[in-house]
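Chain and residue survey
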Amino acid sequence: MSFLLPKLSSKKEVDQAIKSTAEKVLVLRFGRDEDPVCLQLDDILSKTSSDLSKMAAIYLVDVDQTPVYTHYFDISYIPSTVFFFNGQHMKVDYGSPDHTKFVGSFKTKQDFIDLIEVIYRGAMRGKLIVQSPIDPKNIPKYDLLYQDI
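Presented here is a report on the structure given in the accompanying data block. In this text, all values refer to a predicted model and were calculated from it rather than measured experimentally.

It is worth spelling out the pairing of strand β5 (residues 88–93) at this point. Pairing between strand β4 (residues 80–85) and β5: 3 bridges, direction antiparallel. Of the residues in β5, the one forming a bridge with Phe-85 is Gln-88. Linking β4 back to β5 in an antiparallel pair, the connection comprises 2 residues, with Asn-86 at a positive phi of about 50°. Bridge count between β5 and strand β7 (residues 129–131): 3 bridges; the pairing is parallel. Bridging from a neighbouring strand, Asp-93 pairs with Gln-131 of β7.

Structural data, given as structure tokens:
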């Protein structure tokens, strides 16, 4: 389903999306088109994109074509999903050590929809970090590569 969503293939295109997406949550899925977990996530993103069109703009970003952002957001596991609102990086407390991105695929479409709604409402109130509405057992677990540095 990744062919249904727009792709950003350079730093310039990602910069433009961050700067030009106004009054909507910008969803950037970092990954690879051929990765099975990315394809699973892309299926959820594409099925919800029309329902969320008034609240969110969803783009796919290939980690190999945008190494600057891959390094900047410390994308060591794919897929990783990063959120922005009016050019501001939105952070989400998932109950994990990393609030900057969602790692892995969402378990259900409703988890993704709920998360976008919470980010949108929080951003409209001026918040830069929001509490995740996703059930903790639906959030993939992973270990930070560099702890206590």
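Resuming the write-up.
The subject of this paragraph is the pattern of salt bridges. Applying the stated rule across the entire model yields 7 salt bridges. Among the salt bridges present, the one from Asp-33 reaches Lys-7, with a minimum N-O distance of 3.2 Å. Taken together, the residues Asp-33 in the loop between β2 (25–31) and α2 (36–49) and Lys-7 in strand β1 (residues 7–8) connect sequence positions 26 residues apart. A residue is classified by how much of its surface remains accessible, and Asp-33, at 29% relative accessible area, is partly exposed. A salt bridge links Arg-121 to Glu-117; the shortest N-O distance between them is 3.9 Å. In this pair, Arg-121 and Glu-117 are both assigned in helix α4 (residues 109–124), 4 residues apart and thus about one turn of the helix distant.

The angle between the axes and the distance between the axes are what describe a pair of packed helices. Two numbers describe how α2 lies on α4: the axes approach to 9 Å, and their chain directions differ by 60°. Judged by the angle between their axes, α2 and α4 are oblique. Relative to α4, α2 is oriented so that their crossing is right-handed. Here Ile-44, Leu-45, Lys-47 and Thr-48 of α2 come into contact with α4, specifically with Lys-109, Phe-112 and Ile-113. The class makeup of the residues in the contact of α2 with α4 is 4 nonpolar, 1 polar and 2 charged.

Rules of the game
Residues numbered from 1 in each chain as written. Predicted model: local features only at pLDDT ≥ 70, side-chain atom pairs only at ≥ 80, totals over all residues. Heavy atoms only, no water. Pairing = 2+ DSSP bridges. Helix = DSSP H or I, 4+ residues; strand = E, 2+ residues; numbered from the N terminus. Salt bridge = Lys/Arg side-chain N within 4 Å of Asp/Glu carboxyl O. Buried < 20%, exposed > 50% of the residue type's maximum accessible area, 1.4 Å probe, protein only. Axes fitted to C-alpha atoms, helices over the stretch in contact; angles between N-to-C directions. Parallel < 35°, antiparallel > 145°, perpendicular 65-115°, else oblique. Left-handed = near helix turned anticlockwise from the far one by under 90°. Contact = heavy atoms within 4.5 Å. Nonpolar A, V, L, I, M, F, W, Y, C, P; charged D, E, K, R; others polar.

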